[in-house]
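Below, each chain spelled out in residue letters.
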Amino acid sequence: MELFSEIYNCYYQVVARILEEASQATISPAEMARIAEKYGYDESALTIIPHLLDGDWALLTPDEGGKNFASRLSQPVRVPFTSLQKSWLKTLLEDERIGLFFTDEQLELLRQLLADTAPLYDPSAFQYFDHYQDRDVINSSFRKHFQLILKAIEQHQTLKLSYYSVKGRLMEFTYLPCRIEYSAKDGKFRLYALYRRRNGWRMDILHIGRILKIEETGYYIEEPIDMDQFTEDSLCQEPIVIEISDDRNALERTMLHFSCYQKKVERIDETGKYRCSIYYDKTRETELLIQVLAFGPVVRVLGPDSFLNQVRERVSRQQKLTISF
Amino acid sequence: MAEFNELIKHFNKVRTYVRDFYVYGFKSRMDYPESGRRTYDNERRRIESWFADYIQYDYDSSHKKSVAITMDSNRIDSNPLFNVWKTKSFTNNDIMLHFFLLDLMQDGESRNVDTINDELIERYQVLFEVQTVRNKLMEYEQNGLFMVKKEGRQHVYTAYTNWLTSHPDLYTGLKEAASYFQTAAPFGFIGSTILDSLRCQNDHFRFRHDYLAHTLEDEVLLPLLTAIKEKQQISIQIKHIRSGHINEFECVPLKIRVSTQTGRRYICVRRLADRRLSTYRLDSVQNVSPLKSESDYDRYSAGYEKNNRYTWGVSFGCRREPEQVCMQISLDEMTEGYLINRLNREGRHGQLNRIQPDIYEYTIECWDSAEMIPWIRTFTGRILNFTCSNKQVELRFWHDMKRMQKMYAEDTSETMSLGG
């Protein structure tokens with residue numbers, strides 16, 4: 001089965017969208033360029049538009065004035081799922097998490113539709129050797145909660161949630177659910193939810209596995225909410241700066257490890273070392289601190305003060321423990 | 001001079017560049033001496049175009065320009081590196097036939113090649129070679145877009161029905177499942193192509209600890225998984241990460257080992273030459289070729305499982321007996337219960353015992369205790385004692401601790417210059 005195929009090409013997607021617009025009304029080259037800029041790569045319009053206008057890709061017909069173009073297709077094209085896409089979906093049917101997205105009837109329908117399709121791979125060929133052991137258990141209650149949350153996110157409906165706090169206290173609160181976050185490392189789903197205060201919305205992050213009960217309120221929020229702004233607010237003001245020596249393949253290991261963060265790396269020619277600035281979410285500072293400590297002396301924290309002091313405090317506490325033992 | 005083209009013919013051609021620009025982000029043209037100047041410039045320009053929103057430029061101390069692809073994987077709706085999978089080059093006939101054939105066949109009627117070719121001329125006034133049309137039909141039949149059956153001496157083609165036409169109620173589930181699994185399952189870029197087909201994007205999910213570069217390994221991952229499924233031997237080419245030296249050998253692939261904490265994926269194999277279990281990072285695998293079936297596959301697989309019991313990470317060590325590791329942790333049971341939780345959930349097959357109030361002992365047996373050291377170090381500030389049957393590992397641990405104490409005890413001019 002071919003993974004790298006032109007069927008999935010970005011240019012095909014752009015042209016399909018242009019043809020779709022051009023099937024309803026004629027379309028100008030400027031409109032085509034707008035679509036190519038939105039859905040294509042940075043320089044795609046420079047290739048796609050001339051090919052469409054010059055007739056190398058004879059998919060459009062000019063109108064009488066020759067300024068606007070209509071699609072030669074009779075209707076917008078709907079591409080059936082390919083064998084590769086079906087095989088991937090078939091593999092997912094073996095994953096318990098697939099039940100979070102479909103009803104039992106829909107899952108049965110999918111099984112029927114994919115009856116003649118072979119799975120792309122055998123999931124048991126993978127071993128996730130370091131994931132945490134207290135992963136979310138996907139049972140019927142979890143599934144029901146997840147589906148209610150997903151529906152509420154889509155409909156902008158607030159929900160009354162009863163859940164156990166980190167300290168184990170049962171809380172009840174009305175939230176507007178906005179996003180679901182998943183971590184492969186700890187196998188947990190978290191809900192980004194907003195609650196209203198006098199001066200506006202505030203955000204909480206709730207572990208879905210701790211939710212005991214959900215009630216739909218039937219209350220829908222119409223005002224637009226910019227969730228990115230909420231997550232942006234928790235971004236650090238100053239990045240942590242670390243110096244990496246290249247002992248024990250440290251550069252390779254650190255770069256891979258921190259690749260999921262936004263970062264900037266410089267080579268310091270005089271020392272043969274590297275300086276890396278990592279931008280992180282303030283609410284997850286301890287996690288980053290632990291990650292940095294794991295590298296030991298091949299990574300040295302240079303700043304900022306608040307982070308450096310935490311490292312110093314732990315190292316100093318360790319020194320005292322070692323001496324006293 | 002050949003015209004610049006955003007599209008490429010072979011995925012492998014750009015794999016290293018994209019990975020380097022994303023993972024390292026400081027390399028400049030000088031770091032690719034084996035590539036010609038124009039090759040580097042073309043690859044860099046492609047990457048700048050594919051990842052325009054995530055490109056960061058910089059100049060190093062010797063004023064060499066470097067290009068980095070950088071983003072926080074927690075703040076994006078889709079892996080931008082999937083873009084590489086959507087850059088396969090094509091011909092003018094490819095794109096025209098793609099749209100004409102799908103449009104023509106969308107009515108669900110069955111047609112033979114000649115009829116199709118006649119209708120293409122009649123409807124779209126474009127003339128194609130019959131063989132070109134036949135090849136495209138065969139290609140699309142293999143890709144699952146059309147089905148074919150034989151009627152008399154002719155092949156008759158019919159388009160498969162689009163699921164959303166026949167089962168529109170599946171739309172929401174497919175959209176959400178593809179949005180989630182494009183990151184949470186292997187070969188996520190396929191999920192991304194499903195979202196493209198549905199003309200939608202991931203609106204509701206975000207991911208933590210998502211190592212985006214995995215997608216670049218998928219081209220070698222598929223033949224490895226196929227060989228595991230078929231219980232086959234393979235010939236594998238491994239590029240040594242540091243020296244760049246390429247080594248090719250025959251082996252039996254047994255398991256894909258994935259680290260969710262460090263972002264690395266490995267293939268575990270039984271090498272035929274020395275009959276040993278070995279693991280290699282997937283990003284070092286250059287090529288995989290299937291060989292014959294392995295009649296002893298189940299025995300090798302059982303051997304892997306037996307050894308797996310004592311594996312902390314990916315190393316099977318070089319001794320016959322596992323090494324013993326013991327760590328004592330000091331904590332405040334009243335206020336620091338989360339540390340006990342951490343030890344339990346992250347400690348894999350190790351044992352945790354309370355040896356006295358506020359002191360816990362974690363013990364484990366593993367093939368290669370050196371692999372555990374990074375995790376042990378995450379408890380810096382809590383470690384009362386650390387011992388290991390491999391004395392080299394134990395000495396190194398304490399030596400590193402001393403280095404860290406020295407490193408952070410000194411008030412350096414470096415920290416001062418950073419305002420610290």
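Residues numbered from 1 in each chain as written. Chains lettered and ligands numbered in written order. Predicted model: local features only at pLDDT ≥ 70, side-chain atom pairs only at ≥ 80, totals over all residues.

1. Details of the overall build of chain A
Along its length, chain A carries ten helices and twelve strands. On C-alpha atoms alone, chain A measures out to a radius of gyration of 26 Å, which is more than a quarter above the 20 Å that the 2.2 N^0.38 rule sets for 325 residues. Principal-axis analysis of the C-alpha atoms places the extent of chain A at approximately 90 × 60 × 50 Å. The buried share of chain A, reckoned over its 325 residues, is 38%. A separation of at least 24 residues holds for 58% of the contacts in chain A among residues at least 6 apart in sequence. (Helix = DSSP H or I, 4+ residues; strand = E, 2+ residues; numbered from the N terminus. Rg over C-alpha atoms; globule rule 2.2 N^0.38 Å. Buried ≥ 20, exposed ≤ 12 C-beta atoms within 10 Å, placed from the backbone. Contact = placed C-beta atoms within 7 Å.)

2. Thoughts on unusual backbone geometry
Residue Pro-304 of chain A is bonded to the preceding Gly-303 of chain A through a cis peptide linkage, with omega at 0 degrees. Note on placement: Pro-304 of chain A falls in the loop between β12 (299–303) and α10 (305–324). Residues other than glycine seldom take positive phi values, yet Gln-125 of chain B does so here, at roughly 55 degrees. Within the secondary structure, Gln-125 of chain B is located in the loop between α4 (113–124) and α5 (130–142). Unusually for a residue other than glycine, His-209 of chain B sits at a positive phi of about 55 degrees. Tracing the chain through its elements places His-209 of chain B in the loop between β6 (205–208) and α9 (218–230). Given 18 C-beta atoms within a 10 Å radius, His-209 of chain B is considered partly exposed.

3. Concerning the nonpolar core
With 179 residues, the main nonpolar core has Val-15, Ile-18, Leu-19 and Ile-242 of chain A together with Phe-99, Leu-224 and Ile-267 of chain B as its most contacted residues. Residues in contact with Leu-19 of chain A, not counting those within four places in the same chain, are Leu-59, Ser-71, Leu-73 and Val-77 of chain A together with Phe-99 of chain B. (Core = buried A, V, L, I, M, F, W, Y, C linked by C-beta atoms within 7 Å.)

4. Notes on the interface of chain B and chain A
Taken together, the contacts link 119 residues of chain B with 106 residues of chain A. Top element by residues in the side of chain B that touches chain A is helix α3 (residues 92–105) of chain B. It accounts for eight residues. Partitioned by chemical class, the residues of the side of chain B that touches chain A number 50 nonpolar, 41 polar and 28 charged. Here three bridges tie strand β3 (residues 126–128) of chain A to strand β8 (residues 246–258) of chain B, and the two strands are oriented parallel to one another. Bridge pairing in β8 of chain B links Gln-127 of chain A to Arg-257 of chain B. (Nonpolar A, V, L, I, M, F, W, Y, C, P; charged D, E, K, R; others polar. Pairing = 2+ DSSP bridges.)

5. A short note on the domain arrangement of chain B
Here chain B is partitioned into domain 1 (12–70), domain 2 (92–160), domain 3 (164–210), domain 4 (214–308) and domain 5 (323–409). Each of domain 2 of chain B and domain 3 of chain B has a C-alpha centre, and the two are 29 Å apart. (Domains from an automatic or database assignment.)

6. Comments concerning the domain arrangement of chain A
As far as domains go, chain A holds domain 1 (6–71), domain 2 (83–125), domain 3 (140–233) and domain 4 (240–324). For domain 3 of chain A versus domain 4 of chain A, the separation of C-alpha centres amounts to 33 Å.

7. Regarding the packing of α4 of chain B against α5 of chain B
Residue and element names in this part refer to chain B. Across the interface, α4 lies against α5 with an axial gap of 10 Å and an inter-helix angle of 115 degrees. Taken together, the axis directions place α4 and α5 in an arrangement best described as roughly perpendicular. Of the two possible hands of crossing, α4 and α5 adopt the one that is right-handed. Counting all contacts with α4, which are made through Val-113, Ile-116, Asn-117 and Leu-120, the residues of α5 involved are Val-130, Val-133, Arg-134 and Leu-137. (Axes fitted to C-alpha atoms, helices over the stretch in contact; angles between N-to-C directions. Parallel < 35°, antiparallel > 145°, perpendicular 65-115°, else oblique. Left-handed = near helix turned anticlockwise from the far one by under 90°.)

8. Here we look at helix α4 (residues 83–92) of chain A
Within α4 of chain A, eight of the ten residues are buried, which leaves the element mostly enclosed by the surrounding structure. Residues of α4 of chain A that are buried: Leu-84, Gln-85, Lys-86, Ser-87, Trp-88, Leu-89, Thr-91 and Leu-92 of chain A. Here the buried face of α4 of chain A lies against α7 (171–184) and α8 (188–198) of chain B.

9. Section: the confidence of the model for chain B
Residues and elements named next belong to chain B. Looking at chain B as a whole, its pLDDT mean stands at 93, while 97% of the residues score no less than 70. Residue range residues 412–420 is modelled with pLDDT below 50. Its contacts to residues more than four positions away, or to other chains, number 14 contacts. The complex prediction reports pTM at 0.95, with the ipTM value standing at 0.96. (pLDDT = per-residue confidence, 0-100.)

10. Things to note about the environment of Ala-22 of chain A
Residues and elements named next belong to chain A. Position of Ala-22 among the secondary structure elements: in helix α1 (residues 10–24). Given 26 C-beta atoms within 10 Å, Ala-22 falls into the buried group. In the structure, Ala-22 is positioned 50 residues away from Arg-72 in sequence and 8.7 Å away in space, judged by C-alpha atoms. Discounting chain neighbours no more than four positions away, the residues touching Ala-22 are Ile-27, Leu-60, Phe-69, Ala-70 and Ser-71.

11. Here's the deal with the sheet that holds strand β11 (residues 273–279) of chain A
Residues and elements named next belong to chain A. An order of β10-β11-β9-β12 is seen for the four strands of this open sheet, with the pairing classed as antiparallel. Looking along the sheet, the strands with just one partner apiece sit at the ends: β10 (262–268) and β12. Ignoring which end each strand starts from, the neighbouring axes of this sheet average 25 degrees apart. As judged from the seven bridges shared by β10 and β11, these two strands associate in the antiparallel manner. In the strand pairing of β11, Lys-263 is matched with Ile-278.

12. Overview of the environment of Pro-177 of chain A
All names here are of chain A. In this structure, Pro-177 sits in strand β5 (residues 170–183). The class for Pro-177 is buried, based on 26 C-beta atoms found within 10 Å. Note: C-alpha distance between Pro-177 and Thr-286 (109 residues apart in sequence) is 26 Å. Once residues within four sequence positions are removed from consideration, Pro-177 is found in contact with Ile-149, Ala-152, Ile-153, Leu-159, Leu-191 and Ala-193.

13. Regarding helix α6 (residues 140–155) of chain A
Helix length check: α6 of chain A (16 residues) gives 22 Å between terminal C-alpha atoms against 22 Å at 1.5 Å per residue, within 8%. Here α6 of chain A has its buried residues at His-145, Phe-146, Ile-149, Leu-150, Ala-152 and Ile-153 of chain A. Buried residues of α6 of chain A, viewed axially, fall in a sector of 165 degrees; they line one side. Exposed and oriented more than 90 degrees from the buried face of α6 of chain A are Ser-140, Lys-144 and Gln-155 of chain A. Buried residues along α6 of chain A sit in contact with β4 (157–164), β5, β6 (188–197) and β8 (211–220) of chain A together with α7 of chain B. (Expected span 1.5 Å × (residues − 1). Arc of directions from axis to C-beta.)

14. Here we look at the pairing of strand β12 (residues 323–330) of chain B
Residue and element names in this part refer to chain B. Taken together, the eight bridges between β12 and strand β14 (residues 359–366) define a ladder with antiparallel strand orientation. Each bridged residue has a counterpart across the sheet, and for Gln-324 the counterpart in β14 is Glu-365. Alignment of β12 against strand β15 (residues 383–388), held across five bridges, turns out to be antiparallel. Bridging across to β15, Val-325 finds its partner in Cys-388.

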